[in-house]
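The primary structure of each chain is shown beneath.
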Amino acid sequence: MKINAIMLIKDHVDIVEEALLYAMKFCHRIYIYDNHSTDGSWELVNEMASRFKELVIFGQTDEPSKRGLLNRIYNRYHNEYTNEDWWYVLHPDELLSESPQEYLKSALLASKNTMNVWVARFYLTNQEVTEFESENVNASIVKRRKYYSVNKSEPRFFTNDPVRKWEESSLSLIPAWATSVSKDFVVSRSYPMRTPQQAEKLANKPMALNDYPCASSLNEYQGDGHFRVGKSVKLRALLTRIRGAFLKKLGIRVSATANTVKHTVTTTKTV
């Protein structure tokens, strides 16, 4: 069983090296497509590819970013692999919480052809913004960002099909034929807000200090492989009301304490 990753990058020079080095621990090949980066990302990945056989430069394009660009990579290489191999849609600003290898082996044994990840999105908090000038930006992003929220899961792994192609017109996260979902999952640590400049780019506006989240509204990662789901105060309040209304219809009385219990997503290794 081989795991091959496909990655689309655009101006991720400050994190793509860390993401690639981490994914290389369990990936057979990582195919990289650059979407007209202007910050040095293109030069960096080419230099890395000259040193690491696991990295393959697919090319560069100035087309508008869309998921269909990833389809091209799969369609170019899928006939080189078997139906026991996997593809991983790797974002350039993410690191998995652990290797997915054992989970994917189990998924194959269970005749599953896709596996989801829980997305733990790490934020730049207002306190971190005030201290950003003294931050060591050369340190690992894992050490620099500690506060996160887990509010969604999405498909990131799917099995190879040596015959079928992934329709390039499709905007789905994975091919339409990958529908049998494994019960297992891993957590993807996502870092879109690494600097105040990136936060403003995501928001598409200048950001005042009070526009950044407070640490108290998020979960603090302890480095123990445990991730809590839904710490967002607004989301938790909404889910509490929905759950309470549903249970009330069933004639079940729920205490305020029970309504605020947080679920825990546990991985098997400390990261």
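Up top is the structure.
Computed from a predicted model, the values in this text were never measured in an experiment. All residue numbers refer to position in the chain's written sequence, counted from 1. Given that the model is predicted, a residue must reach a pLDDT of at least 70 before its local features are reported, and side-chain atom pairs must reach 80 or more before they are shown or counted; all residues, however, enter totals for whole chains, interfaces and linings. The side-chain figures draw on all heavy atoms in the structure; neither hydrogens nor water molecules are used.

Attention shifts here to the overall build of the protein. Comment: elements are numbered from the N terminus, with helices defined as DSSP H or I runs of at least four residues and strands as E runs of at least two. Along its length, the protein carries nine helices and 11 strands. Every one of the 271 residues in the protein was classed for burial, and the buried ones make up 46%. In this analysis, two residues are considered to be in contact whenever any of their non-hydrogen atoms come within 4.5 Å of each other. Taking all contacts inside the protein whose residues are at least 6 apart in sequence as the whole, residues at least 24 apart take part in 82%. Using a 1.4 Å probe, accessible areas were evaluated by the Shrake-Rupley method; residue-level cover was limited to the displayed protein chains. Carbon and sulfur atoms make up 52% of the accessible area of the protein, which totals about 14,100 Å². Throughout this description, buried means an accessible area under 20% of the type-specific maximum (1.4 Å probe, protein chains only), exposed means over 50%, and partly exposed covers the range between.

So, about the pairing of strand 6 (residues 114-123). The side chains of a regular strand alternate between the sheet's two faces. For strand 6, a buried count of seven out of 10 residues is recorded, marking the element as mostly surrounded by other parts of the structure. Should DSSP find at least two bridges between two strands, the strands are taken to pair. In the sheet, strand 6 pairs with strand 7 (residues 147-159) via 10 bridges, with the strands oriented antiparallel. If you follow Ala-120 over to strand 7, its bridge partner there is Val-150. Across seven bridges, strand 6 lies against strand 8 (residues 181-190) in parallel orientation. Residue pairing in the sheet places Val-119 in a bridge with Ser-188 of strand 8.

This next bit is on the environment of Gln-101. Among the secondary structure elements, Gln-101 is positioned in helix 4 (residues 101-109). When the C-alpha atoms of Gln-101 and Phe-26 are compared, they prove to be 7.1 Å apart, with 75 residues separating the residues in sequence. If sequence neighbours within four positions are ignored, Gln-101 has contacts with Met-1, Ile-3 and Phe-26.

Of the voids in this model, the largest pocket is the one considered here, and its volume is about 1,000 Å³. Surrounding the largest pocket, 34 residues form its lining, His-12, His-91, Asp-93, Pro-192 and Leu-202 being those nearest its centre. Listed by contribution, the elements that provide at least two residues to the lining of the largest pocket are strand 1 (3-9), strand 6, strand 7 and helix 7 (196-203). In terms of residue count, strand 7 provides more of the lining of the largest pocket than any other element does, five residues in total. Using protein atoms alone on a 1 Å grid, points that fit a 1.4 Å probe yet trap it form a cavity, whereas open point sets bounded by protein on both sides within 12 Å along at least five of seven lines form a pocket; residues with an atom within 4 Å of a point count as lining. Grid points are joined across faces, edges and corners, and a volume is the space filled by probe spheres set on the points.

The next subject is the pattern of salt bridges. Here, a salt bridge means any Lys or Arg side-chain nitrogen found within 4 Å of an Asp or Glu carboxyl oxygen. The full count for this structure, using the stated rule, is 15 salt bridges. Ionic pairing is found between Glu-80 and Arg-76, a salt bridge with its closest N-O pair at 3.3 Å. We note a salt bridge from Arg-156 to Glu-154, for which the minimum N-O separation is 2.6 Å. Judged on exposure class, the residue Arg-156 and its partner Glu-154 are both buried.

This part covers unusual backbone geometry. Residue Asp-11 is not a glycine yet carries a positive backbone phi of 60°. Here Asp-11 lies in the loop between strand 1 and helix 1 (16-23). A relative accessible area of 19% means that Asp-11 is categorised as buried. Non-glycine residue His-36 carries a positive phi angle of around 60°. With respect to the secondary-structure elements, His-36 resides in the loop between strand 2 (29-34) and helix 2 (41-49). Among the residues examined, His-36 registers a relative accessible area of 42% and is labelled partly exposed.

Take helix 3 (residues 68-77) next. Judged by how many residues are buried, helix 3 sits mostly within the fold: nine of 10 residues are covered. Buried residues of helix 3: Gly-68, Leu-69, Leu-70, Asn-71, Arg-72, Ile-73, Tyr-74, Asn-75 and Tyr-77, and no others. The elements touched by buried residues of helix 3 are strand 1, strand 2, strand 3 (55-60), strand 4 (86-89) and strand 7.

Right, let's talk about the packing of aromatic side chains for a bit. In summary, the pairing rule links any two rings of Phe, Tyr or Trp, Trp by its six-membered ring, whose centres are within 6.5 Å, and it sorts them by plane angle into stacked for under 30 degrees, edge-to-face for over 60 and tilted for everything else. A full pass over the atoms with the stated rule returns 20 aromatic pairs. Aromatic side chains Phe-26 and Tyr-88 sit 6.3 Å apart centroid to centroid with 40° between the ring planes, which places their arrangement in the tilted category. Residue Phe-26 is found in the loop between helix 1 and strand 2, and its partner Tyr-88 is found in strand 4; the two are separated by 62 residues along the sequence. By relative accessible area, which is 7% here, Phe-26 ends up buried. An angle of 40° between the planes, with centres 5.4 Å apart, marks the rings of Phe-122 and Tyr-148 as tilted. Of the two residues, Phe-122 is situated in strand 6 and Tyr-148 in strand 7; the sequence distance between them amounts to 26 residues. Relative accessible area serves as the criterion here: at 1%, Phe-122 is assigned to the buried category. By relative accessible area, which is 2% here, Tyr-148 ends up buried. Grouping aromatic residues by their ring pairs yields a cluster made of Tyr-31, Tyr-33, Phe-58, Tyr-74, Tyr-77, Tyr-81, Trp-87, Phe-158, Trp-166 and Trp-177. The rule is short: NZ of Lys or CZ of Arg within 6 Å of the ring centre and within 35 degrees of the ring normal puts a charge over the ring. When the ring centre of Tyr-77 is taken as reference, the NZ or CZ atom of Arg-76 above it lies at 4.5 Å.

Purely geometric numbers; function is a separate question.
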